[in-house]
Structures are given as C-alpha cells and as structure tokens.
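These are the residues of each chain, in order.
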Amino acid sequence: NHGLGWHLYLRDFTKNDTPYDEFVREVLTATGHTTQNKAVGYYLRDRNMLLDNVSNTAQVFLGQQIGCAQCHDHPFDDVTQLEYYEFASFMSGLVYRSKLGQGKVQQTVTSLVNGKDLTMREKRKKRRTMRRDISTLFRDFNRNEIHYSPLPRHQIKLPHDYQYNDAKPGDTPSPGVYFGQKASDSDRDGFAKWVTSKENPYFTRVIVNRLWNEVYGQPLYPDLDDWSRPPSPEVEAALKRLEFAAHSSGLRIRDIMRILYHSRLFQAESMPLAAKEGSNISGPVFRRMKAEQLHDSLLTLKYGNIDDLTNPALEEKWNSYSHYVQELIEAEPEELIERDELVDMNSDRLRELNRERAQNSRKARQLRTEGDREQAREFQQLATAARREGEQLMKASRMAPMVSMRNTRDGARLQLRASERPAPFRPNSFVRLFGGSDRKIPQSSHTRASIPQLLFLLNGGQVNQFIHEKRSYYGKNSQMLTREEKVDYVFLSLYSRFPSSEEKALCLPMLQEKRGLEKLSRTLISSQTFLFIQ
C-alpha cells in the first residue's frame, strides 16, 4: 500500500513544483502511517533495512557512494566504518512498527475488559486472547507505518564483528557527518537541514548535474552518483553558475529545467558523442529516447495530446484504502469485535475460493494449450466467478482493500502517459523492454539497444495498434489523401519535417503494395531518426 502512496506523493511533488529542498526535508523527516503522510514510503521502500536506506540517501541526494563502509572502512574513499554508523545514527530510533494500530488495539481491549467482573488472572487471559484476535484487523498497519522511539534498544549499534580500534563492537555511535560542517542537531530534523543546506558542498550540485544530464544527454560532472574527486576548473565554474541559478529560482525543478531548455546550448545541433570532462560541449548529445518517452510518443501518434489525461484508478484505490484505515481508527470497541468475528467467519471460505480460482485457472491454461478452447472458457469462467465471490467476501468482511501498484491495471489500460501508469512496469512490458527501471536500485533505467527491441518494433502487437491503417495516427483522413500527400503526412507525423525528394522517391512505391502505408510507418518508427533525440 505504501508503494501507491509514495507514487502519488512523487506525482504531486512534480505537479505542484514543490521546491526540491522542501521535498527532501519532508522525505527525510517523515513518520506516521502512510495514509497520514505519504512521504514515509521513502523509508518503507527499505523496510527493516535502515542501513541500506542510509546508503541510498547518500547516493541520491549527495552523490556519495558509501555503501562499502557499512561492512568495513571504504577501500577507495576516505570514509571509515565508524563514520558510516555515525552518519546512520541520525536515523536511530526509527521503528518499522505501527503505534496507531497498537494504540487502537490497546484502547479497545482495555475498554472491553476493565468493566468485566473478572479476577486479575481472568482479565490477563482475556486481554491476551482479545488482543490477538483484534490485532488481525491491524496486521496491515505494521507494513505501512514508521515511528520514532527513544528507547536504547532501538538505537543503531556497531556490528558484533567490528574490528577497528576507534570503537568497540556493540557501541552506540553519536550522530555525526563525515564531510562539511557539523549538523546543527543530532536528530533527523538536524540531519535533513544539514543535507539541504546551501553550505552543503554537494546537495545543489548533485541535483543540477542530474537535470543537466536529463536535458543534454550527458552529465556536466562525469559521475552522477560518485563525487569523490574534485571537478575540473571548467566544470567547477559552470557548477557555480548553475548553483546560483538554482538558488535564485528557489530550487524549483521546473524553473531550473526552463533555464536549461532556453539556453543557446540546448538549441544547438546535436553532438554525435559525449564530450570529455572539461571539453567544450557544443550541444545536446544525439541519444535514443528513454523508454517512457518512446511509450508516450507512440500514444500521442494514436490519440493526440494526452498530457491532461490522468489515471483515476490510482486516486480511487488510494482513497478507498485511506477510508478503510480511518474507519478502523474511529470504530467503537464493539464494532471492532463484530468486524473480527466477520473476518474469521469468511477467512476459511476465502482461502477455499482462492484455491478454486488457482486450480481452474491452471486447468484453463492447460486446455488452451491442448486446443480445447470451449472447455478452457468454462474453467476460466469458474475461476472468474471464484475471484468475484472472493472480492465480495472481502468487501463484506470489510477487510483491507488491495491497493498495491499491481492492482491498478484497470486504469492503466487507458491511453495514459507512462507517469500515470503503475510503477514499475511489468518485466515483459513495452517500457521495461526498452530499458525502463525496475526500481530495485536508485538508477537502473537504460537506453541500451537489444535484438528484442528491434523485433518488437518490427513485429510487436503494441506497435500494430499505432500504425494499423484503419486506426492509425492519420485516421480516416488518409482515405482522402493522394500517395504523395500520405508520404508527407507520415513524415510530418513521425519526423516533424517533409521528406526529401530522394526519400519520397523511395517511399512512393511502397504505397502500391497491400497495407503499404503500415509498412512505411513501421519502417520509419524503427529508424534512428524517430527513436533518437536530435
């Protein structure tokens, strides 16, 4: 559930153009249940792996790869294992557990037991039984909430195999930073202020370097995630000007991008290769569109402008889950008991329906493989009926709605931009095939070419829907165009220019063939001129 909340939080950050430093402070200081504060998704992504989250924080916001120092002194950078744990100690006391759910369970049990005429022993037994039963209603809460605890047992300690002389195994290190000025406070608020401070030598530079890479196709400083060595004098001078521009704009991403896109450098002719550090950059690098850009380009060809279309399923499912959580928190003790009894009564039936659905689905797939489509359809209908009955049972039991990103496919079938689709995309999807991120590490997207990509462009069904002669981007108007006009139309649609006389001479014979317009369109879509940004 927190994955969907985090997705919506990032979408709102982009839509509202929240200042970048404000966004980072909100994320690093987030606590509570995800329905109360979507920003906690940043920590819940690495649930119970706080040290890994610290490494990601240093990499994403500060351009520092310190993960090696989690186990030993860094072999390449001047960061010791003790300094790593001092850095991580700012997050000490962060607990992946629900105070909201525990508080409601305790309140309910106390309210129902204290008024009973029971002995102390009977009351203790009654509390244990009732707490165990009611806690099943809140089992989802621990996966979707974090809170801060000052107890010593929740503080970060050095590992038991710590082998250096500057501390002992099991010691609790004091919070500290390993570069720059000291943080003003030793808690997460102080840490967030230190990270986003203007005096921090990396925070602003890292984000403007990432934006520069997005606009020009190569970073200004050569390594996006590793600022372990000083930049060249030429890059240093450019970074200072970009820092000044970023702070002058209030660290609003949209304004920084506007500056970069309106530069003479961006409007210059594309460079065939990336320049070396310190060399003159004469223009953007000639590069292939990212997977999401290609996805949106093909959709635009078919549907026209889709910028204003949103995915209502994301908000609807999130609102449904938020309403469910609020209902539990506001429920009276007697109502919680009734809910628990209803859930217990329906749980066995629900498990049985899930088994039936799985068995019938397997049987339907087997029959389809064997060619018996009629029998396969009957078993698939039985599987669908079991699924629907299970959904009704879930609704009747008022269990937690399933709102993970995987369950928003109904909205994703619409003609929506990649940013409005559930993330990450499925492994066999168009976006993942062309290098979309799997979200397992901070940066895993790529634009590397592959044979499957070419085969997909030449034969893929998803491309067919964009260029089918009766439903394509040129629509019904194609019937009223001459062959020459059709070639012009296709070139304008795909290349944003008219064809040359040589290109038109090569393309016109293709239109004499059956479905020649589709073949021409597929040929142009598969070309570097369409796939690459120039």
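Residues numbered from 1 in each chain as written. Predicted model: local features only at pLDDT ≥ 70, side-chain atom pairs only at ≥ 80, totals over all residues. Heavy atoms only, no water.

A. Layout of the overall build of the chain. Counting its secondary structure elements, the chain contains 24 helices and 5 strands. Burial status across the chain gives 44% buried among its 534 residues. Placing the 79 positive and 69 negative side-chain charges of the chain at their respective mean positions leaves the two points 5 Å apart. (Helix = DSSP H or I, 4+ residues; strand = E, 2+ residues; numbered from the N terminus. Buried < 20%, exposed > 50% of the residue type's maximum accessible area, 1.4 Å probe, protein only. Lys, Arg positive; Asp, Glu negative; His and termini not counted. Charge placed at Lys NZ, Arg CZ, Asp CG, Glu CD.)

B. Examining the packing of aromatic side chains more closely. Taken as a whole and assessed by the stated rule, the structure comprises 30 aromatic pairs. A centroid spacing of 5.0 Å and a plane angle of 85° characterise the contact between Phe-179 and Tyr-202, whose relative ring orientation is edge-to-face. Within this pair, whereas Phe-179 is found in the loop between β3 (145-148) and α8 (188-195), its partner Tyr-202 is found in the loop between α8 and α9 (203-216), the two being separated by 23 residues in sequence. Ring geometry for Phe-491 versus Tyr-495: centroids 5.3 Å apart, planes at 90°, classification edge-to-face. In this pair, Phe-491 and Tyr-495 are both assigned in helix α21 (residues 483-495), 4 residues apart and thus about one turn of the helix distant. As far as the burial class goes, Phe-491 and Tyr-495 line up, both buried. (Phe/Tyr/Trp six-rings, centres within 6.5 Å; stacked < 30°, edge-to-face > 60°.)

C. Region of the structure containing the pairing of β3. Taken together, the 2 bridges between strand β1 (residues 32-33) and β3 define a ladder with antiparallel strand orientation. Residue pairing for β3: Gly-32 is matched across the bridge by Ile-146. Bridge analysis of strand β2 (residues 94-95) against β3 gives 2 bridges, and the strand direction is antiparallel. Each residue of the ladder has a partner; that of Leu-94, found in β3, is Tyr-148. (Pairing = 2+ DSSP bridges.)

D. The arrangement of the sheet that holds β1 in detail. Here we have 3 strands laid out as an open sheet, ordered β1-β3-β2, and antiparallel in their pairing. Since the sheet does not close on itself, it has two edges, and those belong to β1 and β2, each with one partner.

E. How the structure looks around a negative patch on the surface. On the surface, Asp-133, Glu-332, Glu-334, Glu-338, Glu-341 and Asp-344 cluster together into a negatively charged patch. The element contributing the most residues to the negative patch is helix α15 (residues 333-370), with 4 residues. Locating Asp-344 in the fold gives a position in helix α15. (Patch = residues over 30% accessible without salt bridge, like charges linked within 9 Å, V, L, I, M, F, W, Y side chains within 5 Å. Areas by Shrake-Rupley, 256 points an atom, 1.4 Å probe, with all protein chains shown as cover. Salt bridge = Lys/Arg side-chain N within 4 Å of Asp/Glu carboxyl O.)

F. Geometry of the environment of Asp-73. When you line up the elements, Asp-73 lands in the loop between α4 (50-62) and α5 (81-88). Looking at Asp-73, the relative accessible area reads 26%, which means it is partly exposed. Sequence-distant contacts of Asp-73, defined by excluding residues within four places in its chain, comprise Val-79, Thr-80, Gln-81 and Tyr-164. Within the local environment of Asp-73, its side chain forms a polar contact with the backbone nitrogen of Gln-81, the two atoms lying 2.8 Å apart. (Contact = heavy atoms within 4.5 Å. Polar contact = N/O pair within 3.5 Å; in protein donor to acceptor, adjacent residues only side chain to side chain.)

G. Inspection of the pattern of salt bridges at higher detail. As enumerated under the stated definition, the model contains 17 salt bridges in all. Note that Arg-339 is salt-bridged to Glu-327, the shortest N-O span being 3.0 Å. Highlighted residues: Arg-339 in helix α15 and Glu-327 in helix α14 (residues 312-330), separated in sequence by 12 residues. Given the relative accessible area of 3%, Arg-339 is considered buried. A single salt-bridge network, built from bridges that share partners, covers Arg-11, Glu-315 and Glu-420.

H. Inspection of α5 at higher detail. Most of α5 sits inside the fold, with 6 of its 8 residues counted as buried. Those residues of α5 that fall on the buried side of the exposure criterion are Gln-81, Leu-82, Tyr-84, Tyr-85, Phe-87 and Ala-88. Taken together, the buried residues of α5 touch α4 and α8.

I. Region of interest: the nonpolar core. Tyr-20, Leu-28, Tyr-43, Phe-87 and Val-195 are the most contacted members of the largest nonpolar core, which has 64 residues in total. Apart from the residues within four sequence positions on either side, Phe-87 is in contact with Val-54, Ala-58, Leu-62, Ile-66, Gly-176, Val-177, Tyr-178, Phe-191 and Trp-194. Phe-425, Val-463, Cys-507 and Leu-524 belong to the second largest nonpolar core, which has 27 residues in total. (Core = buried A, V, L, I, M, F, W, Y, C linked by side-chain atoms within 4.5 Å.)

J. Fine view of the side chain of His-147. With respect to the helices, strands and loops of the structure, His-147 is situated in strand β3. Since its relative accessible area comes to 12%, His-147 is described here as buried. Here the side chain of His-147 touches Arg-97 through a polar contact of 2.8 Å, landing on its backbone oxygen. Not counting the four nearest positions on each side in its chain, His-147 is found in contact with Gly-93, Leu-94, Val-95, Arg-97 and Lys-99.

K. Structural context of unusual backbone geometry. In this chain, Ala-423 is followed by Pro-424 through a cis amide linkage whose omega measures -5°. Among the secondary structure elements, Pro-424 is positioned in the loop between α17 (409-412) and α18 (430-433). Unlike most non-glycine residues, Leu-251 shows phi in positive territory, near 55°. Tracing the sequence through the fold places Leu-251 in the loop between α10 (233-248) and α11 (253-261). Leu-251 gets classed as buried once you look at its relative accessible area, which sits at 3%. Phi is positive for Ser-496, close to 60°, though the residue is something other than glycine.

L. Up close: the environment of Met-289. Within the fold, Met-289 resides in the loop between β4 (287-288) and α13 (291-303). Those residues in contact with Met-289 that sit more than four places away from it in its chain are Leu-294, Ser-297, Thr-447, Phe-530, Leu-531, Phe-532 and Ile-533.

M. View of the packing of α9 against α11. Here α9 crosses α11 at 50°, and the two axes come no closer than 10 Å. Looking at the two axes, α9 sits oblique to α11. Regarding α9 and α11, the two cross each other, and that crossing is right-handed. The segment α9 lies against α11, with Ile-207, Leu-211, Trp-212, Glu-214, Val-215 and Tyr-216 engaging Ile-253, Ile-256, Met-257, Leu-260 and Tyr-261. Residue composition of the contact of α9 with α11, grouped by class: 10 nonpolar, no polar and 1 charged. (Axes fitted to C-alpha atoms, helices over the stretch in contact; angles between N-to-C directions. Parallel < 35°, antiparallel > 145°, perpendicular 65-115°, else oblique. Left-handed = near helix turned anticlockwise from the far one by under 90°. Nonpolar A, V, L, I, M, F, W, Y, C, P; charged D, E, K, R; others polar.)

Geometric values such as these leave the question of function open.
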